[in-house]
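Here is how the chains run, residue by residue.
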Amino acid sequence: MINKIKSLLDQIDGLSASSADEIEALRIKYLSKKGEISLLMADFRNVASEEKKAVGQLLNELKEKTLNKINDLKEQYAQQDTIAPGIDLTRTSYPEEVGTRHPLSVVKNEIVEIFGRLGFSIAEGPEVEDDWHVFGALNFAEDHPARDMQDTFFIQSNPDIILRTHTSSVQTRVMENSKPPIRIICPGRVYRNEAISYRAHCFFHQVEGLYIDKNVSFADLKQALLFFAKEMFGADTKIRLRPSYFPFTEPSAEMDISCNICGGKGCPFCKYTGWVEILGCGMVDPNVLEACGIDSKVYSGYALGMGVERITNLKYRVKDLRMFSENDKRFLDQFESAH
Ligand code: DAH
């Protein structure tokens, strides 16, 4: 009998259970009326009287130990039960996910920052504008195609109110409201009535630059552009100015940079020309200065305007414009962290 009790004592030590049912099964096995310990208790009558004391002590020890063990298991299980399955409270917490800046913001900030180093400060204007600030003051003829319904979004009830088609409207406002010297950089969203495709969208982003002072010349413009191109695309970047036409500048030019993909050797991206166009610019037309209340005999200035999407495409080779507005995290996560 003593051996039997000892082997049961060992068994009890090693008991484990992973559900309430298993614990109950153990209780029944050892402690119920027909359980192993109860049967031993019943057998105790037959133990020789000289052994009774030792056997009795061991039996009591066994019973107590079994009761304690089963209570312990119940307690353990009850604790586990309050924690949702699969959750490990000892695990370290998830790292907080840090967002990333939108690629257009990254590039816009860089453009603004580069011009900031040349003394340009930020100016902003409304996206819902009137015809005067977007076209009239900027020397657009009444029948200029840009005013056409196909390009411009008009407000139905008042066709004088439009969504601005370019950030040049901000120059009008600043020139009207301040005296030269003026040195501003105007980032913002613009709208055009275009069918959405991989290369066109009905809204996009521009940065406009304007410098008005006494004796501002085309050479000043060219120098500022060269500085910008090198800062933005690398010190080896070359620029080229081609004559062009904008109603609000005279003379007007378009600026190309040496293709930053093939380094100017020629590739499909630059259509084997070695050059890619990045912005429009020119000397502010005297008509524009006068329309905005600035004496064109005293002051002159230059203006420039560029598309942020275009510059971003050049920097990051994004092939489909629509990705900029789809907010797909897999795309957005690839750009500069906001921290
Ligand atoms: N506003 C022009 C556009 O949207 C861009 C532009 C060209 C701005 C020449 C300028 C400039 O200031 O001088 O296409």
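We now turn to the structure provided with this report. On a predicted model such as this, the values are computed, not experimentally measured, just so you know.

All right, on to helix H1 (residues 2–13) then. In a regular helix each residue adds 1.5 Å, so 12 residues correspond to 16 Å; H1 covers 17 Å between its end C-alpha atoms and thus fits that length. Looking at H1, one finds that the buried residues are Ile 5, Leu 8, Leu 9 and Ile 12. All buried residues of H1 project into a common sector of 105° when viewed along the axis, lining one side. Pointing more than 90 degrees away from the buried face of H1 are the exposed residues Asn 3 and Asp 10.

The subject of this paragraph is the pairing of strand S9 (residues 275–284). For S9, the buried fraction is high: eight of the 10 residues fall into the buried class. As judged from the eight bridges shared by strand S8 (residues 249–258) and S9, these two strands associate in the antiparallel manner. By the bridge assignment, Ala 253 is partnered in S9 with Cys 281. Bridging between S9 and strand S10 (residues 300–307) involves five bridges; their strand directions are antiparallel. Opposite Leu 279, over in S10, you have Met 306 as the bridge partner.

Reading across the sheet, the seven strands line up as S1-S5-S6-S10-S9-S8-S7 and stay open at both edges, with mixed pairing between neighbours. Of all the strands in the sheet, just strand S1 (121–122) and strand S7 (239–246) have a single pairing partner and so form its edges. The sheet contact formed by strand S5 (residues 182–191) and strand S6 (residues 203–213) spans 10 bridges and is antiparallel. Bridge pairing in S6 places Ile 182 opposite Ile 212. Taken strand by strand, helix H5 (residues 103–116) contacts S1, S5, S6 and S10, and its axis lies near 165° from that of S5. Helix H8 (residues 218–233) rests against S7, S8, S9 and S10 of the sheet, and its axis sits at about 150° to S9.

The rules behind these values
- Residues numbered from 1 in each chain as written.
- Predicted model: local features only at pLDDT ≥ 70, side-chain atom pairs only at ≥ 80, totals over all residues.
- Heavy atoms only, no water.
- Helix = DSSP H or I, 4+ residues; strand = E, 2+ residues; numbered from the N terminus.
- Expected span 1.5 Å × (residues − 1).
- Buried < 20%, exposed > 50% of the residue type's maximum accessible area, 1.4 Å probe, protein only.
- Arc of directions from axis to C-beta.
- Pairing = 2+ DSSP bridges.
- Contact = heavy atoms within 4.5 Å.
- Axes fitted to C-alpha atoms, helices over the stretch in contact; angles between N-to-C directions.

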